[in-house]
Amino acid sequence: MSVDWNALGEVAAVSFGVTVGVVVVFAVGVLALSARDTVRASGGSGTGQFAGAGVCFLACACAVLYGLYLIIPQFH
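Keep in mind that this is a model prediction, so the values were computed, not measured. (Residues numbered from 1 in each chain as written. Predicted model: local features only at pLDDT ≥ 70, side-chain atom pairs only at ≥ 80, totals over all residues. Heavy atoms only, no water.)

A. Local environment of the overall build of the protein. What the protein contains, in helices and strands, is two helices and zero strands. The globule rule puts the C-alpha radius of gyration for 76 residues at 11 Å, and the 18 Å found for the protein is more than 25% above it. For the protein, the spread of C-alpha atoms along the three principal axes comes to 65 × 25 × 10 Å. Burial statistics for the protein: of 76 residues in total, 8% are counted as buried. (Helix = DSSP H or I, 4+ residues; strand = E, 2+ residues; numbered from the N terminus. Rg over C-alpha atoms; globule rule 2.2 N^0.38 Å. Buried < 20%, exposed > 50% of the residue type's maximum accessible area, 1.4 Å probe, protein only.)

B. Structural context of helix α1 (residues 5-41). Relative to the 54 Å expected for 37 residues at 1.5 Å per residue, α1 spans 54 Å between its end C-alpha atoms, a close match to the ideal helical length. Glycine 43 sits one or two positions beyond α1 and adopts a positive phi of about 105 degrees. (Expected span 1.5 Å × (residues − 1).)

C. Helix α2 (residues 47-71), seen in detail. Helix length check: α2 (25 residues) gives 36 Å between terminal C-alpha atoms against 36 Å at 1.5 Å per residue, within 8%. Considered for burial, the residues of α2 that qualify are Ala53, Cys56 and Cys60. The inward-facing, buried residues of α2 contact α1. (Contact = heavy atoms within 4.5 Å.)

D. Focus on the environment of glycine 46. Here glycine 46 shows up in the loop between α1 and α2. Assessed through its relative accessible area of 3%, glycine 46 is described here as buried. Here the alpha-carbon distance between glycine 46 and isoleucine 71, two residues 25 residues apart in the chain, equals 38 Å. The contacts of glycine 46, once residues within four sequence positions are left out, are Arg36, Val39 and Arg40.

E. Looking closely at a nonpolar patch on the surface. Together, Tyr66, Tyr69, Leu70, Ile71 and Phe75 make up an exposed nonpolar region whose accessible area comes to about 570 Å². On the basis of relative accessibility, which here comes to 48%, the residue phenylalanine 75 falls in the partly exposed class. (Patch = residues over 30% accessible without salt bridge, like charges linked within 9 Å, V, L, I, M, F, W, Y side chains within 5 Å. Areas by Shrake-Rupley, 256 points an atom, 1.4 Å probe, with all protein chains shown as cover. Salt bridge = Lys/Arg side-chain N within 4 Å of Asp/Glu carboxyl O.)

F. Inspection of the state of the cysteines at higher detail. Applying the stated criterion to the full structure yields zero disulfides. There is no disulfide at cysteine 56, and the cysteine sulfur nearest it, in cysteine 60, is 7.0 Å away. Taking relative accessible area as the criterion, cysteine 56 reaches 14% and is therefore assigned buried. The cysteine cysteine 62 is free of any disulfide, with cysteine 60 supplying the nearest cysteine sulfur at 9.4 Å. (Disulfide = S-S within 2.5 Å.)

Right, dumping it as structure tokens:
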């Protein structure tokens, strides 16, 4: 048995990159919700921040669901 180290390294790098990306997008969503609270406290509506947070959380949910699709063979 031999290990294809290049393929293993590629999978590890892509996994690390996607993980960091999802965490960053989630953190931006939490930051947008915090900004919404700040805007609402100063008398604004905060609709833009709320929509931005929703888009960030939706992107995270899509990434998780796509990962589950790739892992679970019954979905193919």
